[in-house]
Amino acid sequence: MSVPNPDAAISLVDVHKRFGDVRAVDGVTLDVAEGEFLTLLGPSGCGKTTTMRMIAGFEEPDAGRILLRGHDVVGVPPNRREVNMCFQHYALFPHMNVEDNVAYGLKLRKVPKEERRRRVAEMLEVVRLEGFEKRRPGQLSGGQQQRVALARALVNRPAALLLDEPLGALDVKLRKQMQLELKRIQHELRTTFVYVTHDQEEALSMSDRIAVMNRGVIEQLGTPREVYERPATPFVADFVGVLNAIEFRADEVRAGEAVMRLGDGDRIVAPAPDGRIGGAAIVTVRPERIRVHTPDEPVVGDSRVSGTVGQVVYLGTLTQFHVELAGGRRLIAHRLSDERAASILEGDRVVLSWDRDDAAIVRD
C-alpha cells in the first residue's frame with residue numbers, strides 16, 4: 001500500500017471515484033510538494049476536475065485517502081479545509097468594490113479591520129492592482145477581474161490554491177499574459193498551486209510538474225521537459241504537443257541504440273538503453289527536432305529518411321512541412337521561416353534527419 005509523504009502539502013493515496021458505471025478517478029496516488037506548481041492535464045472526462053473537487057471537498061472519494069499537510073480530510077467540509085478554489089467564472093460580487101471583494105473571506109473569519117486592510121493592500125500589490133480598490137467588477141477588464149479573484153482566494157493564506165481552468169474565459173493574448181502573471185504570483189508567494197487544464201502549452205509554460213491524466217488514471221508524472229521530450233505512453237505522446245509517431249521494428253540493437261533500416265541508406269535510430277525493444281513499439285520525434293535538407297545539402301544526424309513535400313504551412317516564425325515517405329508514412333517537420341525554408345516547395349524531394357537522442361521509443 002502507498003504511504004503518503006508526511007512533508008507534502010497534498011497527498012492522494014489510491015483515490016477512487018465513480019459516477020454510476022463511469023470510473024471518473026481510478027486509483028490515483030499523488031504527492032504535491034509545498035510551494036509546487038502542479039498541473040493536472042488531460043482531455044475532457046479524464047478525471048482531472050473530479051480529482052481537484054475531491055481535494056477541495058466538493059466531492060468525496062469512494063475509496064482512498066486525501067491528506068492536507070499530513071491530516072486526512074476525507075469527510076471534512078470544504079469550508080474547513082486549508083484550500084481555496086479559483087474557477088473559470090470569477091464569481092465576484094458585482095455590488096462590492098475590489099477591496100471589499102478581496103476582504104470578504106477575511107470578514108467571514110472575523111479578522112480585525114486593520115489587519116484586513118493591511119492584508120488586502122499587500123495582496124493587491126502582489127496582483128498589481130494598487131489604485132483599483134474602489135472600482136467595481138463591471139469597471140474592470142477580464143484580466144483585472146481574474147486578478148481580483150486570485151487576490152480573494154490567496155488573501156486567506158491557504159495551504160494550497162486550486163485553479164480549475166481559470167483562464168478559459170480570456171482571449172488568447174490576455175491568456176498568455178496571465179500565464180506569466182500566475183507563475184510570477186506563485187513564485188513570489190510560494191503557495192502550492194494545483195492547476196487543471198486541457199491546454200498543453202499552458203501546462204508546459206507554468207508548471208513545475210505535470211500529471212497527465214487519461215480515463216481516471218495518471219499516465220505520466222514529470223517535469224514539463226520530461227513529459228514533452230520523453231512521453232511514457234502512446235497517449236501522452238499523442239496528447240502533449242505535435243508529435244511524429246512511427247511504427248518501429250528493430251533490425252539491429254547495439255550499444256544502447258536500436259536501428260530500423262528503410263532501404264536506400266534511410267534508417268531510423270532510437271535510444272534503447274536496456275538493449276531490448278520487445279513487441280510493438282513506436283518511435284516518436286518532435287517536428288522541431290527534425291532537420292529538412294534539400295537533396296544537394298549534406299545530411300547531419302543519426303536518423304535520415306527521404307520523402308516528398310506534400311504540404312507547406314506558413315506559421316509566422318515557423319514553416320511546417322508535411323513530408324510523404326515511402327510506405328504511406330508522413331512526417332511533420334518545422335523550420336524557421338527564413339529564405340532557405342521559403343525555397344522548399346510542395347512536390348520537392350527532401351531528406352529529413354534527426355539525432356538519436358531526440359527520438360524516444362514508446363511501447364504500447
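In this report, we go over the structure that sits alongside the text. (Residues numbered from 1 in each chain as written. Predicted model: local features only at pLDDT ≥ 70, side-chain atom pairs only at ≥ 80, totals over all residues. Heavy atoms only, no water.)

**Re the packing of aromatic side chains**
Counted according to the given criterion, the structure contains 4 aromatic pairs. Taking the centre distance of 5.5 Å and the plane angle of 50° together, the rings of Phe-37 and Phe-193 count as tilted. Here Phe-193 lies in strand β8 (residues 192-197) and Phe-37 lies in strand β3 (residues 37-41), a separation of 156 residues in the sequence. For Phe-193, a relative accessible area of 0% gives the class buried. Summarising the aromatic geometry, the rings of Phe-235 and Phe-239 are spaced 5.5 Å apart at their centres and angled 10° between planes, so their arrangement reads as stacked. Taken as a pair, Phe-235 and Phe-239 lie in helix α8 (residues 234-239) at a separation of 4 residues, close to a single helical turn. Overall, Phe-235 belongs to the partly exposed group, its relative accessible area being 22%. Judged by relative accessible area, which is 15%, Phe-239 ranks as buried. An aromatic cluster is built from Phe-37, Phe-193 and Tyr-195, whose rings are joined through pairwise contacts. (Phe/Tyr/Trp six-rings, centres within 6.5 Å; stacked < 30°, edge-to-face > 60°. Helix = DSSP H or I, 4+ residues; strand = E, 2+ residues; numbered from the N terminus. Buried < 20%, exposed > 50% of the residue type's maximum accessible area, 1.4 Å probe, protein only.)

**As for the pairing of strand β2 (residues 22-32)**
Where strand β1 (residues 10-19) meets β2, 8 bridges bridge the pair, whose relative direction is antiparallel. Note on β2: the bridge partner recorded for Arg-18 is Arg-23. The hairpin turn running from β1 into β2, its antiparallel successor, is 2 residues long, and Gly-20 in that turn takes a positive phi close to 65°. (Pairing = 2+ DSSP bridges.)

**Examining the side chain of Arg-116**
Note that Arg-116 resides in helix α3 (residues 113-126). Despite its burial, Arg-116 remains without a salt bridge, the nearest opposite charge being carried by Asp-100 at 7.2 Å. Among residues more than four places away in sequence, those in contact with Arg-116 are Ala-103, Leu-106, Lys-107 and Val-111. (Lys, Arg positive; Asp, Glu negative; His and termini not counted. Salt bridge = Lys/Arg side-chain N within 4 Å of Asp/Glu carboxyl O. Contact = heavy atoms within 4.5 Å.)

**Some points on unusual backbone geometry**
For Lys-110, which is not glycine, the phi dihedral falls at a positive 60°. Topologically, Lys-110 is positioned in the loop between α2 (98-108) and α3. On the basis of relative accessible area, Lys-110 is assigned to the exposed category, the value being 72%. Even without a glycine there, the phi angle at Arg-215 is positive, about 55°. By secondary structure assignment, the location of Arg-215 is in the loop between β9 (209-214) and β10 (217-222).

**Some remarks on the sheet that holds β1**
Taking strand neighbours across the sheet as the criterion, the 4 strands line up as β2-β1-β4-β5 in an open arrangement whose pairing is antiparallel. Looking along the sheet, the strands with just one partner apiece sit at the ends: β2 and β5 (71-72). Both strand β4 (residues 63-68) and β5 contribute to a ladder of 2 bridges, which runs antiparallel. Opposite Leu-67, over in β5, you have Asp-72 as the bridge partner.

**A word on the pattern of salt bridges**
Under the defined criterion, the tally for this structure stands at 32 salt bridges. Taking the shortest distance from any N to any O, the salt bridge between Arg-184 and Glu-181 comes out at 2.9 Å. With a gap of 3 residues between them, Arg-184 and Glu-181 both fall in helix α5 (residues 172-189), about one helical turn apart. We note that Arg-184, like Glu-181, is buried. Its salt-bridge partner being Arg-254, residue Glu-252 comes within 3.3 Å of it at the nearest N-O pair. Judged by its relative accessible area of 28%, Glu-252 falls in the partly exposed class. One continuous salt-bridge network, built from bridges that share partners, spans Glu-252, Arg-254, Glu-257, Arg-261, Arg-356 and Asp-357.

**As for helix α1 (residues 48-56)**
In terms of burial, α1 is largely enclosed, as 7 of its 9 residues are buried. Turning to α1, its buried residues number three or more, namely Lys-48, Thr-50, Thr-51, Met-52, Met-54, Ile-55 and Ala-56. Two residues or fewer after α1 comes Gly-57, characterised by a positive phi angle close to 100°.

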